[in-house]
Amino acid sequence: MTRRLVSLAIGVLPVAFLCFSALFPVLALLQAGWSTAVAGLLSDPAIQWRLFWSAAQALLTCMVVLLLGIPVGWFMARHEFAGRSMLLRVMMLPFVLPTLVAGMGILALFGSGGLAGSTLEETPWLLLYGNVFYNLPLVLRAGIEGFGRVPETSLMAARTLGASRFAAFWRIEWPLARPWFLAALCMVFLYCFSGFGLALLLGGYRYATVEVEIYRMVAYELNLGDASVLAMAAMGGALLVALVHGRLEKSGARPISGKPAPRVPVRSLAGRLMGVGVMLILMVFLLAPLLAVLWRAVASDAWSVWLEEDTRLALFNTFRFTLFTLTGVLLIGVCHALAARHTVLLRGFALLPVVISPVCVAFGLLLLYPSLSASLVVLVSGYVLLAYPFVARGLSASLDSLPAQLPNASRSLGAGPLATFYRVVLPLVAPSLRRGLAFAAATAVGEFAVTLFLSRPEWLTLSTLIYQRLGRAGQSNIAAASCLSGGLLLAALLAFILIEWPDHGKENRA
Amino acid sequence: MLELEGVSLSYADKPVLNDISLVLPQGERLAVLGPSGCGKSSLLNIIAGLVMPDSGVLRHQGRSLVGIPPEQRHFALMFQDFALFPHLSVLDNVTFGLVVRGMSTSQARKEGLAMLASLGLATYADNRVWNLSGGEQQRVALARALVTRPALILLDEPFSSLDANLREGLQRECVERFAAMGTSMIMVTHDRREALQMADRIAVMQSGRIVQVASAAELVARPSSAWLARFLGWANVNEHRAIPDRAFILGGDYPPASIVAIDYDVDMITLTLKAREGELYRVRVSQREWLVLGELKESPVGLPLGIDGDQVIYFA
């Protein structure tokens, strides 16, 4: 009983925060949208196109990443080769990479004056390429996991019962891995549908998404009513997909037991050819934009940009906001994870920020707290809302996997509750905490949507500075933006190294 | 008839199978008995075509199996974890082997239902496989294997995850079915009882080699080594090095003598002995007699008796 009370008390903080920064703003959006002429707005062909294209580009991305993800995921799940674990790590990079950096990388390849020679600007391809860059790793991780769990004996049984290699893949491996793919595709759809930064940078005018339209309406037309209707539509769509995702997870959950099929070295010619294909796909869709950013940054010859007043302000702000965010994330994330141990409902709340896009969060905050709009509290809460689930979910998972006997053993050996926490629990959950904080830091450093939405000149950050520079005419500004992107990429790499740093004693625990 | 000749396999330079030769007449049930890690599952996978041997020849009905993929060998494999496909219903699991070989869905359905009915599983046809108990799952796996009418059924520790009562029922059922269909069987197991119960012949494997192939009765009566005797469950196995002129047989009516040679039959053992005086003579002892060995004076050692190199083995 006291345990429950304590966890409720701990839960008050995250719940209050979620209400302040997510629930109430969304309600404010709903209210604002309600009183607007919905029918008139939705019959506007420009808006219809925007909604259609948002869904269509998300769907197209899903199809592309599925088509690429199945063979690559299968290959990586079934084969052992030199550099495999390195490749798996590199696949984490897009998760910490600021949208703007990726966008710059893609522009460096296919923008005007890009490395590829011909520009794809004002075509849908740039945005799709960016979407694939960000979402292919998501699908690949799911696919490797899904294919990797197919029991060895299921495959052996299928083969001896008369199935050819392909029939065994089509009738056994693919159906067993499918739930993983579908769950990942739902997330891909969500991210693409409510994508903002990439669409703003790469979509041009015609191929931008609903979120960009919302931003335009608010920032340039001050048309809050119509914007909130669109935000509602976007959130409605996202919620729908999130529900489908939940349903899929439930129905797709069939117990798969048995030793997974082992990974084998690549031996046959067909295997080698497939390996080359896999490397090419990963090269084109994963590494090329990153290398392009680096190349542009090195070749930009605009290093003096780091000494400019604006840059110093942006660096200071980025550093400051990240620090504030991490403090908030640590506080709310840890409370959330501790409270969620005994409250299932709170676990679901950790998914809230996935459904509500950054743009909607920022817009809702702006609507609800107009008097606070100049206050750092609002900005930082937006940051924290986007970043804290990384800590909360990771910590929840590692607390779940912590055997109950360990704290009990510690207590029976004479350690008090505090000593037990400090000497046993904390060291065991520290790696996931560190990883969650690194993700949160990467989110804060690269944050773009909320900052732009609530933008005030004195809140200039690195990412908004890059965006500003891109918006100004002249080659020197592009060079400066490239150079700054390179810096941001290095910051992301730092977060990445923190995330992937090997845990001490991990082997012993496994 | 299945023939294996000189089959060898190694993983990363570690030998797994060493020069295995076996002959299995059609309709015979063979158990490959051995402790875990002795290579018996690899042997089964080689026969199934899932693993290619480094060297050696496999023939089935006189036809070489080299390069024949598993789906064309028409051997069915059954597993310890049943390996039912979790995304398919019971009936779809059973008809899998028919459908992938090109049978029409309706015909496959008919045959699958008939097979399920004959195993008393008809009411489960539309169930999800993970709702079934272990015994039911293995019966579905049996139905799935039998419905394709395989020439040979390969069983990989098929009953070891079932409880004892269930195991015996299913073992009997399998033996009856295989006999009725004239299907050959190769079962690998570490459970000597299972091997003795189900097989016509038993091949014992130890670290990648076949150490003895014999009928059940023969194997029990004359294990070829102390290791095997222990593996077969003899509780008290004494090993003694029979050094000519040193080991003496005492007791009984025999004068002290050293063993020169041992020959044995099913229930009689002939010892060639050399008495102190230098005279050679032969003694025949039945299994019921007692021998007392020189150094083991205090603990009488019983028969049967085996020989392994220069080791003499006494079983009490």
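Residues take numbers from 1 onward in each chain, read along the sequence in its written order. Key to labels: chains lettered from A, ligands numbered from 1, both in the order written. Per-residue local features of the predicted model are confined to residues with pLDDT of at least 70, and side-chain atom pairs are confined, for both listing and counting, to 80 or more; whole-chain, interface and lining totals are unaffected and use all residues. Here the side-chain values reflect all heavy atoms present in the structure, with hydrogen atoms and water set aside.

Draft legend 1. Structural detail: the overall build of chain A. In DSSP terms, a helix is any run of H or I states spanning at least four residues, a strand is any run of E spanning at least two, and both are numbered starting from the N terminus. Within chain A one finds 24 helices and two strands. Computation of the radius of gyration draws on C-alpha atoms alone. For the globule rule, the value is 2.2 Å times the number of residues to the power 0.38. Taking 24 Å as the expected radius of gyration for a compact globule of 510 residues, we find that chain A reaches 24 Å, a close match to that expectation. Overall, the C-alpha framework of chain A stretches about 65 × 65 × 50 Å when taken along its three principal axes. The proportion of buried residues among the 510 residues of chain A is 53%. Whether two residues are in contact is decided by their heavy atoms, any of which lying within 4.5 Å being enough. Within chain A, contacts between residues at least 6 apart in sequence are counted, and of these 82% link residues at least 24 apart. Methods summary: accessible areas were calculated by the Shrake-Rupley approach with a probe of 1.4 Å, and residue burial reflects only the protein chains presented. For chain A, the exposed surface amounts to about 23,000 Å²; the carbon and sulfur share of it is 69%. The charge count includes Lys and Arg as positive and Asp and Glu as negative, but it does not include His or the ends of the chains. To locate a charge, the coordinates of NZ of Lys, CZ of Arg, CG of Asp or CD of Glu are taken. Counting 36 positive and 22 negative side-chain charges, chain A places the averaged centre of each group 14 Å from the other. A 1.4 Å probe rolled over the protein chains alone gives each residue an accessible area, and that area as a share of the maximum for its type sets the label: buried under 20%, exposed over 50%, partly exposed in between.

Draft legend 2. Layout of the domain arrangement of chain A. Residues and elements named next belong to chain A. Each domain's extent was defined by an automatic or database domain assignment. As assigned here, chain A comprises domain 1 (1-31 + 300-510) and domain 2 (47-77 + 116-285). Computed over C-alpha atoms only, the centres of domain 1 and domain 2 are separated by 25 Å. Taken together, the contact pairs 18 residues of domain 1 with 21 residues of domain 2. The junction of domain 1 with domain 2 conceals about 1,700 Å² of combined surface from both sides, 84% of it contributed by carbon and sulfur atoms. Summed over both partners, buried area is the accessible surface (1.4 Å probe) that two parts give up on being assembled. Among the residues of domain 1 in contact with domain 2, V354, V355 and F363 are the three that bury the most area, contributing 29% of the side total. Salt bridges, as used here, are contacts in which a Lys or Arg side-chain nitrogen is within 4 Å of a carboxyl oxygen on Asp or Glu. If you look at where domain 1 meets domain 2, you find zero salt bridges. Contributing elements (two or more residues each) for the side of domain 1 that touches domain 2: α1 (2-34), α16 (352-355), α17 (358-368), α21 (449-453) and α22 (462-471). The dominant element in the side of domain 1 that touches domain 2, judged by the number of residues it contributes, is α17, at five residues. Think of it as three bins: nonpolar holds Ala, Val, Leu, Ile, Met, Phe, Trp, Tyr, Cys and Pro, charged holds Asp, Glu, Lys and Arg, and polar takes everything else, Gly as well. Looking at the side of domain 1 that touches domain 2 residue by residue, the classes come out as 17 nonpolar, one polar and no charged.

Draft legend 3. Structural view of the sheet that holds strand β7 (residues 152-156) of chain B. Residue and element names in this part refer to chain B. For two strands to pair, DSSP has to find at least two bridges joining them. Strand order across the open sheet formed by six strands is β6-β7-β8-β3-β9-β10, with mixed pairing between neighbours. Two strands close off the open sheet at either side, each with one partner strand: β6 (75-78) and β10 (209-215). For this sheet the average axis-to-axis angle between neighbouring strands, irrespective of direction, equals 15°. As defined by bridge partners, strand β3 (residues 29-33) adjoins strand β9 (residues 201-206) across four bridges and the pair is classed as parallel. Lines are fitted to the C-alpha atoms to define the axes, a helix being fitted only along its stretch in contact, and any angle between axes, read from their N-to-C directions, falls within 0 to 180 degrees.

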